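# Structural features, examined
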Amino acid sequence: QVQLVESGGGLVQAGGSLRLSCAASGRTFSRYAMGWFRQALGKEREFVATISWSGGSTYYADSVKGRFTISRDNTKNTVDLQMNSLKPEDTAVYYCASGRRMVVTGRPDEYDYWGQGTQVTVSS
């Protein structure tokens, strides 16, 4: 199995920044793409960002492009999401996910393991 543990969520003011981190274990981390999703209250789960196995390719949802940055450290088995210029619309539970392959896109079915989620709340 793969275990994913997110951390770094919290309450921030609009315009502020927050950095989420996901620690992975259970398989060869460096051989799999990783991603971040989020789900706001009463809304569907939404793709945020993904990063390829080596970190060489990234893909972002239009809603966060230019504000969020996904990165990974394969020596530490971690993937981070740096969130800048946060908006109230970014409020959601954020989930770390492990992809099924070395490179994946934003479809949820391209991911086979999920973390427990961490709450991000952005106040006006």
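Our subject is the structure that appears above.
A brief look at the structure comes next. It should be emphasised that the depicted structure is a prediction, and the values quoted were computed from it without experimental measurement.

### What about the sheet that holds strand S8 (residues 78-83)?
- What the four strands build is an open sheet, ordered S1-S3-S8-S7; its pairing is antiparallel. Strands with a single pairing partner mark the edges of an open sheet, and in this sheet they are strand S1 (3-7) and strand S7 (68-73). Each strand axis lies, on average, 15° off the axis of its neighbour in the sheet, ignoring direction.
- Bridge count for S1 against strand S3 (residues 18-25) is five bridges, and the pairing is antiparallel.

### Quick word on the side chain of glutamate 110
- Of note, glutamate 110 is situated in the loop between strand S9 (92-99) and strand S10 (111-114).
- Within the structure, glutamate 110 has its side chain in polar contact with the side chain of threonine 105 (distance 2.4 Å).
- In this structure glutamate 110 touches Gly99, Arg100, Arg101, Val104 and Thr105, once residues within four positions along its chain are discounted.

### Focus: the packing of aromatic side chains
- Under the criterion given, the structure shown has five aromatic pairs.
- Pairing phenylalanine 37 with tyrosine 111 gives two aromatic rings, centres 5.0 Å apart and planes at 85°, and the pair type is edge-to-face. Taken together, the positions of phenylalanine 37 in strand S4 (residues 34-39) and tyrosine 111 in strand S10 put the pair 74 residues apart, joining distant regions of the chain. Tyrosine 111 carries the same exposure label as phenylalanine 37, and that label is buried.
- Overall, tyrosine 111 belongs to the buried group, its relative accessible area being 3%.
- Connected via pairs of aromatic rings, a cluster forms that spans Phe37, Phe47, Tyr59, Tyr111 and Trp114.
- Taking NZ or CZ as reference, arginine 45 lies 4.2 Å from the ring centre of tryptophan 114, over its face.
- Its guanidinium or amino end placed over the ring of phenylalanine 29, arginine 72 lies 4.3 Å from that ring's centre, counting from NZ or CZ.

Parameters at a glance
- Residue numbers run consecutively from 1 along every chain, following the written order of its sequence.
- The predicted origin of the model limits local features to residues at a pLDDT of at least 70 and limits the giving and counting of side-chain atom pairs to 80 or more, whereas totals for whole chains, interfaces and linings rest on all residues.
- Note that water and hydrogens are dropped before the side-chain values are worked out from all heavy atoms of the structure.
- By definition, two strands form a pair when at least two bridges between them are found by DSSP.
- The secondary structure listing takes helices from DSSP runs of H or I that are at least 4 residues long and strands from runs of E that are at least 2 residues long, numbered from the N terminus.
- Each axis is a line fitted through C-alpha atoms, taken for helices only over the stretch in contact, and angles between the N-to-C directions span 0 to 180 degrees.
- Any pair of nitrogen or oxygen atoms within 3.5 Å is treated as a polar contact; in protein, a donor-acceptor pairing is required on top of that, and neighbouring residues in sequence qualify only through side-chain atoms on both sides.
- Note on contacts: a residue pair qualifies if any of its non-hydrogen atoms lie within 4.5 Å across the two residues.
- For Phe, Tyr and Trp, where Trp contributes only its six-membered ring, two rings pair if their centres lie within 6.5 Å, and the inter-plane angle classes them as stacked under 30 degrees, edge-to-face over 60, or tilted in between.
- Three exposure classes are used, based on accessible area relative to the maximum for each residue type with a 1.4 Å probe and protein chains only: buried under 20%, partly exposed in between, and exposed over 50%.
- A ring is scored as having a charge over it whenever the NZ atom of a lysine or the CZ atom of an arginine sits within 6 Å of its centre and within 35 degrees of its normal.

Coordinates in, geometry out; function isn't part of it.
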